[in-house]
Every structure is written in structure tokens, then in C-alpha cells.
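# Architecture at a glance
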Amino acid sequence: MKTLSTVREMEMPHRSQQEIMAQAEHYGATNYHPLPVVLAQADDVWVWDSEGRRYLDCLSAYSAVNQGHRHPRIVQALKDQAERLTLTSRAFHNDRMGPFLERLCNLAEMDRALPMNTGAEAVETAIKTARKWGYTVKGVAHDQAEIIVCRNNFHGRTTTIVGFSSEAQYRDGFGPFAPGFKTIDFGDSAQLEAAITANTVAFLVEPIQGEGGIVVPPSGYFTTVRRICSRYNVLYIADEIQTGLGRTGKRFAYQHDHDAKPDMLIVGKALGGGVYPVSAVIAPEAVLGVFRPGDHGSTFGGNPLGAAVADVALQVLEDERLAERAAESGAYLMARLKKIQSCKIAEVRGRGLLIGIELTPEVGHARRYCEQLLERGLLCKETHERVVRLAPPLTIRRPQLDFMLEQIEAVLAG
């Protein structure tokens, strides 16, 4: 029987990793700075490069692979649906979207969902929803709607979204930007209340700032956010694209605070089970009910292939207790990391299996430590220059956690 690797060897002549990387860099735009490794195969928490070396995946494609690489149930759902029907557009109904949306709404305990493809598309959808709600329900004057956001946010890469980013590089050269956004500090509920005006329609926020450096707000922050938004009739929108679907040890990260349920949830990444891009905005009828036919759309949003995959991805999340496992594994990992004696580590922070190791200013950029971890069989990536992000698949087990800890301690201890 031919293995996956032997089949690939028959299909393509062997090339060195340097040749493969050179080809990609020659023909591709230089909008990424990947680590020097070429990945070719994967299984659960492990990936292999094109020359057969194995690595523990500690990034999970920025939390898109919560269920593990190539989960057999999810891959089978993809294959089965691909043999039946892949795309209809929303000009017609399909038999897979309804069951998927029902499962998603039940999981989120909300009435309706609007399916899209990528996280950025879902954020744009949430912005349009909030503005439409502001004009048709709250009664904000035409074209005066304001949305409050936080500094160091990361909600995507569209021109609207980077326009309200506080990261200079994300904005440089891409203006002019859309108006209607006001920026406050993350985790400061007093600033939120002070920023609200009669034209404020929404507060858009990540429960944990992932790209911002794994920044966790004070305990009870979102309970207060919920109270403030309700008091001033402002939609509280939680961007759970990276933190949702079990990553932080809860089904959704906002659930770490009491009575903190948002008016709108944005999900993506792990919703596609690591094999297909699926995202969605989930909200009560009073919010998503503002749309009429023709107001918004997507050729691929809600397509039967994506719906079939996402439906099974959600089943795997529940059946395998991945949120609970993330809580258990995360507590173990955090406790062990905090015991590492090192002058290089300034702080370890996070929730569940979304953890950041912030390095001291003296040690320089975190990338060189990610490169050292790469050499030891660990795939990590820096964020905000001095933070090493750890976000392995939620299927990770204790021996694999111990392997991860051994490599981290070898690189950072002392």
C-alpha cells in the first residue's frame, strides 16, 4: 500500500526546502515573514516538513486547527459532501446550511446566524449589522453611527478594519480610511462609558487580544461592559474568531466573566475545522433581523461544502470535550511555564491554550527564540515583537505538553 509520503514523492520530484522557499518568495508577494520551514504533512498535533522532520504545532494556524490537523471526521465530511454538492450560491437553498446554522445558534444560545467565509468578512458583516441596527432600531441620524474599538486590536486586514487599527504598519500606505470609529484602551470600562455618545451603536472588542500580545483584561471587565452597553443601548460585539470554540477553556471566551453575554458573536477560524474557511455572525433576532434581501451577501457564504464541514467541526468540539480539555491542559501548561526560572521571561499570561510568554526588553526580538524552538521541533510564532505565542491544537495530550515544556525551558531558562 502506498503511504501519503510515497505518493507525493511519485507525484513531484524532490526539491530542497531552500528551493521551495525560494520559489514561493520569487512568485509571491512579500506580505508575510514565515519561519524557514516547508510543511508538507500533518496529523493531529504534529506536522512534518518536506524532508521528513517532525514538529509539534504550537500555533494551530492562529487557532484555526483547534480540532487537530486532518481530524478524520471533519475530513470525511469534506470528502462526502464534495462528492454530492459543493456550491450553489445563495440564489438557491441547499440542504446543509440549515442544520449547520441551527447547531451554531444553539451552541451560542442565539437566534440567527449569517454565514460568511473569512474572519475579516465576518467582522465587516458585524460592522454593517451594527450600523444598520443603529439607524433602523436605535434611531441614529443618517451616516452618523459610531463604533468604539480598542487600541492594539486585530480584527482583520480590510481597509475599513485597518483604518481603526492602532498599529502603524497596518495603516501605512492604505488610506484614506472610513470614518465612524473611536478608540479607547482595552480593559478600561471607565473609558468605554466616557466614550459613548448618542451616536454610538456598538463596542467591538476581542475577549483576549491575540495579535496584541495575548493581553487578558481584568477579571469582571466584560460583566461591566455588558452592563454599560445595556444602559446606553449600545451593541456589545465580541470578536471570538481566535478565542472562540474552546480555545480559552470555555466554548466562548466571554464566558470567563459572569453575565457577560454579547449582543453579537463573531466566529471563524476553528469553525472550518482546519480544512475549509467558514465564519459567521451570530445574534438575536432583534439585531440580525434588520437585514432585507439584497442588503448583504456572499457567493460562498453558507455553501454546502463549508456548512457540512462546519457542522461536523462543531460536533467534534462538543463530542470530544475540547473546551474542557483546553482548560485542563492550559492550567497545567501555565503552572509549569510560571515555574521556569529565567531572566529572559518578563511574564506568562493567557487562558486555556492561548498563552503568551513575554520576553524582557534586554533579550531582543522573540523571533530568534522561535527559530531556536523550530530547531528543537516546536512550531511557535512571535507576536508584538517580544511575545512568544503558544496555541497548540486542543487535542494535545500530557506527553506532548511535556515535550513542549522541555524545549521551551531549554531555550528560555537561565
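Residues numbered from 1 in each chain as written. Predicted model: local features only at pLDDT ≥ 70, side-chain atom pairs only at ≥ 80, totals over all residues. Heavy atoms only, no water.

### Here we look at the layout of surface pockets
One number sums up the size of the second largest pocket: a volume of about 560 Å³. Considering the residues around the second largest pocket, the lining is formed by 20 residues, among which R90, A113, L114, P115 and F291 are closest to the centre. Of all the elements in the fold, those that place two or more residues in the lining of the second largest pocket are α5 (97-108), β4 (112-116) and α11 (285-288). Looking at which element gives the most residues to the lining of the second largest pocket, the answer is β4, with five residues. Split into classes, the residues belonging to the lining of the second largest pocket amount to nine nonpolar, six polar and five charged. (1 Å grid on protein atoms, 1.4 Å probe; cavity = no way out; pocket = protein on both sides within 12 Å on 5 of 7 lines; lining within 4 Å. Points joined across faces, edges and corners; volume = space filled by probe spheres on them. Helix = DSSP H or I, 4+ residues; strand = E, 2+ residues; numbered from the N terminus. Nonpolar A, V, L, I, M, F, W, Y, C, P; charged D, E, K, R; others polar.)

### Regarding the sheet that holds strand β14 (residues 381-383)
Strand order in this open sheet of four strands is β11-β12-β15-β14, and the pairing throughout is antiparallel. With one partner strand each, in any of the chains shown, β11 (345-351) and β14 form the two edges of the open sheet. The sheet shows a mean angle of 30° between the axes of neighbouring strands, taken without regard to direction. Direction of pairing for β11 relative to strand β12 (residues 354-359): antiparallel, over a ladder of six bridges. Its bridge partner lying in β12, V348 is registered against I357. The sheet contacts of helix α15 (residues 398-412) involve β11, β12 and β15 (387-390), and relative to β12 the element is tilted by about 10°. (Pairing = 2+ DSSP bridges. Axes fitted to C-alpha atoms, helices over the stretch in contact; angles between N-to-C directions. Contact = heavy atoms within 4.5 Å.)

### Description of the sheet that holds strand β2 (residues 46-49)
Overall, mixed pairing links the four strands, which are arranged β1-β2-β3-β13 in an open sheet. Looking at the sheet topology across the chains shown, the edges are occupied by β1 (39-43) and β13 (378-379). Bridge count between strand β3 (residues 54-57) and β13: two bridges; the pairing is parallel. Looking across to β13, one finds that L56 is bridged to L378.

### Observations concerning the pairing of strand β10 (residues 279-283)
The element β10 is extensively covered by neighbouring structure, given that five of its five residues are classed as buried. Neither face of β10 is exposed, since S279, V281 and A283 on one face and A280 and I282 on the opposite face are all buried. Relative to β10, strand β9 (residues 264-267) runs antiparallel, the two being bridged by three bridges. Considered in β10, the bridge of I266 is made with V281. (Buried < 20%, exposed > 50% of the residue type's maximum accessible area, 1.4 Å probe, protein only.)

### Considering the packing of aromatic side chains
If you walk through the whole model with that rule in mind, you get seven aromatic pairs. Taking the centre distance of 4.4 Å and the plane angle of 35° together, the rings of F164 and F181 count as tilted. In this pair, F164 sits in the loop between α7 (159-163) and α8 (168-171) while F181 sits in strand β6 (residues 181-184), placing the two residues 17 residues apart along the sequence. Exposure class is identical for F164 and F181. Each is buried. Ring geometry for F222 and Y236: centres 6.1 Å apart, planes at 10°, overall stacked. Note that F222 is positioned in helix α10 (residues 221-231) and Y236 in strand β8 (residues 235-239), a separation of 14 residues in sequence. (Phe/Tyr/Trp six-rings, centres within 6.5 Å; stacked < 30°, edge-to-face > 60°.)

### Side note on the environment of V363
Structurally, the position occupied by V363 is in the loop between β12 and α14 (367-375). The sequence separation of V363 and I345 amounts to 18 residues, and the corresponding C-alpha distance is 9.0 Å. Those residues in contact with V363 that lie beyond four places of it in its chain are K344, R368 and Y369.

### Some points on the side chain of T243
Locating T243 in the fold gives a position in the loop between β8 and β9. On the basis of relative accessible area, T243 is assigned to the buried category, the value being 2%. Engagement of the side chain of T243 in a polar contact is seen with the side chain of E240, the distance being 2.7 Å. Every residue in contact with T243, bar those within four places of it in the chain, is listed here: P207, I208, T248, A253 and L354. (Polar contact = N/O pair within 3.5 Å; in protein donor to acceptor, adjacent residues only side chain to side chain.)

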